[in-house]
2 protein chains.
Amino acid sequence: MVTENIIGYSTKSGHSFLQGVDPSTETYLEEKFSIADQAVIHEALDKAVDAFAIYKKWKPFQRADLLDTIAQNIMNLGDTLVKRASLETGLPEARITGERARTVGQLKMFANAVRTGKWEENFIDHAEPERQPLPKPDLRKQLIALGPVVVFTASNFPLAYSTAGGDVASALAVGCPVIVKAHESHPGTNALVAGAIVDACKQHHAPDGLFSTLYGYGPELGQALIKDPRVKAVGFTGSYRAGRAIMDSAATRPDPIPVYAEMGSLNPVVITASAMQARAQTIGDALGASMTMGTGQFCTKPGLMIIEENSKADDFISALEKKIESTAALPMLNTRIKSNFLKSLTDLSKETKVINYNAEPKIQVHPAIAMVSGDEFLLTHSLHDEVFGPFAVVIRCKNADQIKRVLSSLGGQLTGTIWSEPGDSQNESIIEALESISGRLIWNGVPTGVEVADSMMHGGPFPSTSHPFFGAVGIGALKRWTRPVAYQNFPMEYLPHNLK
Amino acid sequence: MVTENIIGYSTKSGHSFLQGVDPSTETYLEEKFSIADQAVIHEALDKAVDAFAIYKKWKPFQRADLLDTIAQNIMNLGDTLVKRASLETGLPEARITGERARTVGQLKMFANAVRTGKWEENFIDHAEPERQPLPKPDLRKQLIALGPVVVFTASNFPLAYSTAGGDVASALAVGCPVIVKAHESHPGTNALVAGAIVDACKQHHAPDGLFSTLYGYGPELGQALIKDPRVKAVGFTGSYRAGRAIMDSAATRPDPIPVYAEMGSLNPVVITASAMQARAQTIGDALGASMTMGTGQFCTKPGLMIIEENSKADDFISALEKKIESTAALPMLNTRIKSNFLKSLTDLSKETKVINYNAEPKIQVHPAIAMVSGDEFLLTHSLHDEVFGPFAVVIRCKNADQIKRVLSSLGGQLTGTIWSEPGDSQNESIIEALESISGRLIWNGVPTGVEVADSMMHGGPFPSTSHPFFGAVGIGALKRWTRPVAYQNFPMEYLPHNLK
């Protein structure tokens, strides 16, 4: 029995299949998922084009209702979904339950934004026929949907950034059909959520092909989708390597299309001497918890802890060490991620001191930290690469100037954090250095935990994302799948509804 | 005597020079302009980085005042500027005077947007410390400047899209230093306007290096600028070929940066049978005037006139023919553009019927049209390429269905126009077909004449621009040089001024 690719309201098999793996045992799960071949891809895209012609005429409340039903159908999957997602990812059921709440919350947030129109950017300029030297035309502008989009799902968010996650929900919300490339490490979770979406589409008589999901791997399925002229934009959440490959493919199309990729981030955390003096242990506890949360598999995991050398620095480090040594070893999301994590630590341990490093190949991984001086960090290129998993580099800087040199050696970041005391004379210049590379700045807190709010920015300069203007969280994410169109001197009867 | 490159408040020579050409005589103008070499480029970029650290802290009103002074200084150049721009471009002085008004108007519009803050996208979410299961943080978000940007100037807008044009004005308005690549066909105009900008910078004590302008050619100077890590974004207005080369270079940087390129457009105009029945001659007159205005050297020139076959179609065509035959031959902006124009007509005349085509190589060019059937257009690839200059293809379609097939064979467009009568049963489907490829739709009008207004969209899907979300006209253009940053749980004293 092989689960087929979902192409609108039909299903199709390719010629081969893939299987999920239970990362806690590293054994294949029983179910097989058919890998999409060219014919399957072609059919999904053809249907998406046809669906767009119908779906783009749906009224905002219709799209909102569809999203609300998807949310409801996901909840209706109950424990089946929670258990499957936990099984395929190794993430605890409690975490999956929390992520499900976020996923459903996002669907409802986008539904609400579309229903109320609060995300829209409508402009109306009335004509001035008497204006000299030339009459002013009547001009009105709105955002319209781009067309069919492809979404690559994230291994570390099997619900919130996968099949009905933020990218899919925001694209459907504005009027775009979506083709989801299922993640090969949680295909069963994908199938369950896809079923909830298809059921919702049927309930609302959505056009056939509005939603499809295909199984396969990035280099074949992914590249075929990115290169197809019927695809008008791409959403991605994942590694730098995969995200950059997608960007490069889209940029070399005969007609380049927008790619909204959220990639890696080191999430530097600066701890000033004043903060260390005041509460070294508190900070060590907080950052230790943040870097090990979810086995360090968050894009906002604090990967660099940059401390201003200080008599209390050792207290911070011992709190941090205690935390990582007392954290239970856990499986990672999949075997590839685990292998990469262990390889990174092995390579780094040849160059520098890695604490709590365990080279034995096991299923569960231990958190670890590396400890370097500011000079060593600045000279060691490999320390500038993100290590995905429960690992951080602690950088002991001579002074605040070296902290700023370290920060200016980094690429774009999703977040930048400062722990300090008000009135510390270094605050402004460190905040400025963090601001110049980051999308979100945090004062005396941890970067993990991305609040879903209008004022959130979850994005940043390259390489944290592919375009610094767009974020993947909050209603601003809706804009990514749209473009503005102006209507000049249009008769009322042919104007779009919300420009009348 | 060689005019040097302007690098902030100093000037520098390279090892070679270029000269402007009077296109009405095709003879070199006397003045020489030094071509920037690597050392000059390096110095301009270093200064821009230093200037950014200071300029980004300027208050909005300071930036607004600077723009207003630039506008004033440009006006103060008086006839000297008008005459020089006319001499270098072959455009009449009246056109240059009008364009100067637009340029000054844009500077003031951006100054006003920045002074009032009406372009900003600020969000504030207050903390909810009691929220369950997790407290909600205080989150605030604003747009900040990207850093030094490079602007490529346009041959066809020596003022409004050149040295102090829309891209430069919008970048300076939000806080970005600018390096302008002077256009090799109007270097003297560039030098005059650059002087006005530098004087304004001095008057307002702007940091050294906020504005630089370098002379040279795209493949050397342009590529060096695009590839430099100190450059954070690029603005461009010009041909598809040059724009695509810039996009490709930026996309293959180790750290790709945003490119905002406004490139070619065919600007299809559909004329329905109902419109033709009602006023064939009026439409022919209007489109004939639009396609020959400014010797057809506008990005919004109507390059395709798609007519539904009809008993009055010949009236339209004879009005159009009369207009092009009665239009005086005029020089084009530069000899390269003229050669390309003549070569395009020569090539097309081998494949199809070109009316008013004059193969003799002269300085002045005559407007011309090609006349093809819908079938012929769909089969002839060369007819899908933009011909920059006073030329249009008239496509006689069998029926409205063929019109829609013609439209769906086109790439992205800046504009799409429909001439029709209200109540024509084809209107909705033709508007839909135009909307799916265009950034601006025009009802019973001409695409030339881009109103500068908030509700204008001057942009569109590729290849008309590099990114469908952004436009180059109106206050939306400001966003291109910015990115959002969120501040989480920040003490009031460290929050940016406008988020307090």
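Calculation rules
- Residues numbered from 1 in each chain as written.
- Chains lettered and ligands numbered in written order.
- Predicted model: local features only at pLDDT ≥ 70, side-chain atom pairs only at ≥ 80, totals over all residues.
- Heavy atoms only, no water.
- Helix = DSSP H or I, 4+ residues; strand = E, 2+ residues; numbered from the N terminus.
- Rg over C-alpha atoms; globule rule 2.2 N^0.38 Å.
- Buried < 20%, exposed > 50% of the residue type's maximum accessible area, 1.4 Å probe, protein only.
- Areas by Shrake-Rupley, 256 points an atom, 1.4 Å probe, with all protein chains shown as cover.
- Lys, Arg positive; Asp, Glu negative; His and termini not counted.
- Charge placed at Lys NZ, Arg CZ, Asp CG, Glu CD.
- Core = buried A, V, L, I, M, F, W, Y, C linked by side-chain atoms within 4.5 Å.
- Contact = heavy atoms within 4.5 Å.
- Pairing = 2+ DSSP bridges.
- Right-handed = clockwise from strand over helix to strand, strands pointing away.
- Salt bridge = Lys/Arg side-chain N within 4 Å of Asp/Glu carboxyl O.
- Expected span 1.5 Å × (residues − 1).
- Arc of directions from axis to C-beta.
- Buried area = accessible area lost by both parts, 1.4 Å probe.
- Polar contact = N/O pair within 3.5 Å; in protein donor to acceptor, adjacent residues only side chain to side chain.
- Least-squares fit on C-alpha atoms with pLDDT ≥ 70 in both.
- Phe/Tyr/Trp six-rings, centres within 6.5 Å; stacked < 30°, edge-to-face > 60°.
- Lys NZ or Arg CZ within 6 Å of the ring centre and 35° of its normal.
- Axes fitted to C-alpha atoms, helices over the stretch in contact; angles between N-to-C directions.
- Parallel < 35°, antiparallel > 145°, perpendicular 65-115°, else oblique.
- Left-handed = near helix turned anticlockwise from the far one by under 90°.
- Domains from an automatic or database assignment.
- Nonpolar A, V, L, I, M, F, W, Y, C, P; charged D, E, K, R; others polar.

### Points about the overall build of chain A
In step 1: Across its full length, chain A holds 15 helices and 22 strands.
In step 2: The globule rule puts the C-alpha radius of gyration for 500 residues at 23 Å, and the 24 Å found for chain A is close to it.
In step 3: Along the three orthogonal principal directions, the C-alpha set of chain A runs to about 75 × 70 × 40 Å.
In step 4: Residues classed as buried in chain A amount to 62% of the 500 residues present.
In step 5: Accessible surface, chain A: about 17,600 Å² in total, of which carbon and sulfur atoms supply 54%.
In step 6: If the 47 positive side-chain charges of chain A are averaged to one point and the 53 negative ones to another, these points end up 3 Å apart.

### Considering the nonpolar core
In step 1: Core analysis: the largest hydrophobic core is formed by 200 residues, its most contacted members being Ile70(A), Phe391(A), Ile70(B) and Phe391(B).
In step 2: When neighbours within four sequence positions are excluded, Phe391(B) is seen to be in contact with Met291(B), Lys301(B), Pro302(B), Gly303(B), Phe341(B), Leu345(B), Leu348(B), Val354(B), Ala368(B), Ile369(B) and Ala370(B).

### A few points about the pairing of strand S18 (residues 368–373) of chain B
Residue and element names in this part refer to chain B.
In step 1: Counting buried positions along S18 gives 5 out of 6 residues, so the element sits mostly inside the fold.
In step 2: Of the pairings in the sheet, the one linking strand S16 (residues 353–355) to S18 comprises 3 bridges and is antiparallel in character. Bridge pairing in S18 places Ile 355 opposite Ile 369.
In step 3: Bridge analysis of S18 against strand S19 (residues 391–397) gives 6 bridges, and the strand direction is parallel. Bridge assignment links Val 372 to a residue of S19, and that residue is Ile 395.
In step 4: Taken together, S18, helix H13 (residues 374–379) and S19 constitute a β-α-β crossover, and its handedness is right-handed.

### Points about the pattern of salt bridges
In step 1: Applying the stated criterion to the full structure yields 62 salt bridges over all chains.
In step 2: Among the salt bridges present, the one from Arg140(B) reaches Asp138(B), with a minimum N-O distance of 2.7 Å. Each member of the pair, Arg140(B) as well as Asp138(B), carries the same accessibility label: buried.
In step 3: With a shortest N-O distance of 2.9 Å, Arg279(B) and Glu421(B) are connected by a salt bridge. Taken together, the positions of Arg279(B) in helix H10 (residues 273–292) and Glu421(B) in the loop between strand S20 (413–419) and helix H15 (427–435) put the pair 142 residues apart, joining distant regions of the chain.
In step 4: According to the relative accessible area criterion, Arg279(B) is partly exposed, its value standing at 21%.
In step 5: Beyond isolated ion pairs, a larger network of salt bridges with shared partners links Glu121(A), Lys479(A), Glu121(B) and Lys479(B).

### Looking at helix H12 (residues 335–351) of chain A
Residues and elements named next belong to chain A.
In step 1: Counted at 1.5 Å a residue, the expected span for H12 with its 17 residues is 24 Å, and the 25 Å between its end C-alpha atoms agrees.
In step 2: Among all positions in H12, only Ile 337, Lys 338, Phe 341, Leu 342, Leu 345 and Leu 348 are buried. For H12, the buried positions fall inside an angular range of 130° around the axis, keeping them on one side. Exposed and oriented more than 90 degrees from the buried face of H12 are Lys 343 and Lys 350.

### Quick look at the interface of chain B and chain A
In step 1: With 71 residues of chain B at the contact, the number on the chain A side is 71 residues.
In step 2: Taken over both partners, the interface formed by chain B and chain A buries close to 5,600 Å², and the fraction arising from carbon and sulfur atoms is 58%.
In step 3: Counting the surface chain B buries against chain A, the share from its top three residues, Ser455(B), Phe469(B) and Tyr494(B), is 13%.
In step 4: In this assembly, chain B and chain A are joined by 8 salt bridges.
In step 5: Across the pair Glu121(A) and Lys479(B) runs a salt bridge, and its minimum N-O distance is 3.3 Å.
In step 6: Connecting chain B to chain A are 46 residue pairs in polar contact (both at pLDDT 80 or more).

### Notes on the relation of the copies chain B and chain A
In step 1: You can overlay chain B on chain A at an RMSD of 0.0 Å; the transform is a turn of 180° with a shift of 0.0 Å along its axis. Both chain copies can therefore be described as sitting about a two-fold axis. It is Ala251(B) whose C-alpha, among those of chain B, lies nearest the rotation axis, at 3.2 Å.
In step 2: Take the interface residues of chain B: 100% of them recur as interface residues in chain A, which is what a same-surface contact looks like.

### Brief notes about the sheet that holds strand S4 (residues 16–22) of chain A
Residue and element names in this part refer to chain A.
In step 1: Taken in spatial order, the 3 strands make up an open sheet running S1-S5-S4, and their pairing is mixed. Two strands close off the open sheet at either side, each with one partner strand: strand S1 (2–3) and S4.
In step 2: The sheet contact formed by S1 and strand S5 (residues 27–35) spans 2 bridges and is parallel. Paired with Thr 3 across the two strands is Phe 33, which belongs to S5.

### Some remarks on the packing of aromatic side chains
In step 1: This model, assessed by the stated rule, comprises 27 aromatic pairs over all chains.
In step 2: Their ring planes at 90° and their centres at 5.6 Å tell us that Tyr260(A) and Trp481(A) sit as a pair that is edge-to-face. With Tyr260(A) in strand S12 (residues 259–262) and Trp481(A) in the loop between strand S21 (438–443) and strand S22 (482–488), this residue pair connects regions lying 221 residues apart in the sequence. An identical accessibility class is assigned to Tyr260(A) and Trp481(A); each is buried.
In step 3: On the basis of an interplanar angle of 65° and a centroid distance of 6.2 Å, the ring pair of Trp443(A) and Phe490(B) is categorised as edge-to-face. With one member in each of two chains, Trp443(A) in strand S21 and Phe490(B) in the segment after strand S22 (482–488) form a pair that bridges those chains. Each member of the pair, Trp443(A) as well as Phe490(B), carries the same accessibility label: buried.
In step 4: Through a chain of ring-to-ring contacts, three or more aromatic side chains come together here, namely Tyr260(A), Phe469(A), Phe470(A), Trp481(A), Tyr260(B), Phe469(B), Phe470(B) and Trp481(B).
In step 5: Sitting over the face of the ring of Phe157(A), Arg95(A) holds its NZ or CZ atom 5.1 Å from the ring centroid.

### Overview of the packing of helix H3 (residues 78–89) of chain B against helix H4 (residues 93–116) of chain B
Helix packing geometry: the angle between the two helix axes and the distance between the axes.
All names here are of chain B.
In step 1: At a minimum axis distance of 9 Å, the contact between H3 and H4 shows a crossing angle of 120°. In terms of their interaxial angle, H3 and H4 are classed as oblique. Helix-helix and strand crossings are classified by hand; for H3 and H4 the assignment is right-handed. Together, Gly 78, Leu 81, Val 82, Lys 83, Ala 85, Ser 86 and Thr 89 of H3 and Glu 93, Ile 96, Thr 97 and Arg 100 of H4 make up the contact between the two elements.

### What about the domain arrangement of chain A?
All names here are of chain A.
In step 1: Split by domain assignment, chain A resolves into domain 1 (2–263 + 465–499) and domain 2 (268–443).
In step 2: Across the boundary between the two partners, domain 1 contributes 17 residues, which contact 13 residues of domain 2.
In step 3: When the two sides are added together, the surface that domain 1 and domain 2 hide from each other amounts to roughly 1,300 Å², 59% of it contributed by carbon and sulfur.
In step 4: There are 1 salt bridge connecting domain 1 and domain 2.
In step 5: Across the salt bridge formed by Glu 26 and Lys 338, the nearest N and O atoms sit 2.8 Å from each other.
In step 6: Residue composition of the side of domain 1 that touches domain 2, by class: 4 nonpolar, 9 polar and 4 charged.

### Some thoughts on the side chain of Ser290(A)
Residues and elements named next belong to chain A.
In step 1: The residue Ser 290 is located in helix H10 (residues 273–292) in this model.
In step 2: With relative accessibility at 2%, the residue Ser 290 sits in the buried group.
In step 3: Ignoring anything within four residues of it in the chain, the contact list for Ser 290 reads Pro 302, Val 446, Pro 447 and Thr 448.

### Things to note about the side chain of Thr163(B)
Residues and elements named next belong to chain B.
In step 1: Of note, Thr 163 is situated in helix H5 (residues 159–163).
In step 2: At 2.7 Å, the side chain of Thr 163 forms a polar contact with the side chain of Asn 190.
In step 3: Sequence-distant contacts of Thr 163, that is, excluding residues within four places in its chain, are made with Thr 153, Val 168, Val 180, Asn 190, Val 193, Ala 194, Ile 197 and Phe 211.

### Remarks on the sheet that holds strand S14 (residues 304–308) of chain B
In step 1: With mixed pairing, the 10 strands of this open sheet are ordered in space as S6(A)-S7(A)-S22(A)-S21(B)-S20(B)-S13(B)-S14(B)-S19(B)-S18(B)-S16(B). A single partner strand is all that each edge strand has here, and the edge strands are strand S6 (123–125) of chain A together with S16 of chain B. Averaged over neighbouring strand pairs, the angle between their axes works out to 20° when direction is ignored.
In step 2: As paired elements, strand S13 (residues 268–271) of chain B and S20(B) share 3 bridges and run parallel to each other. Bridged to Val269(B) within S20(B) is Thr417(B).
In step 3: Set on the sheet, H10(B) makes contact with S13, S14, S18, S19 and S20 of chain B; between it and S13(B) the angle comes to about 150°.

### Let's talk about unusual backbone geometry
In step 1: With an omega of 0°, the peptide bond running from Gln132(A) to Pro133(A) counts as cis.
In step 2: Looking at the secondary structure, you find Pro133(A) in the loop between S6 and strand S7 (139–145).
In step 3: With omega at 10°, the peptide bond leading from Phe462(B) into Pro463(B) counts as cis.
In step 4: Mapping Pro463(B) onto the fold places it in the loop between strand S21 (438–443) and S22.
In step 5: With a phi angle near 55°, Glu26(A) is a residue other than glycine that sits in the positive phi range.
In step 6: Looking at the secondary structure, you find Glu26(A) in the loop between S4 and S5.
In step 7: Backbone geometry at His205(A) places phi at a positive 55°, although glycine is not the residue there.

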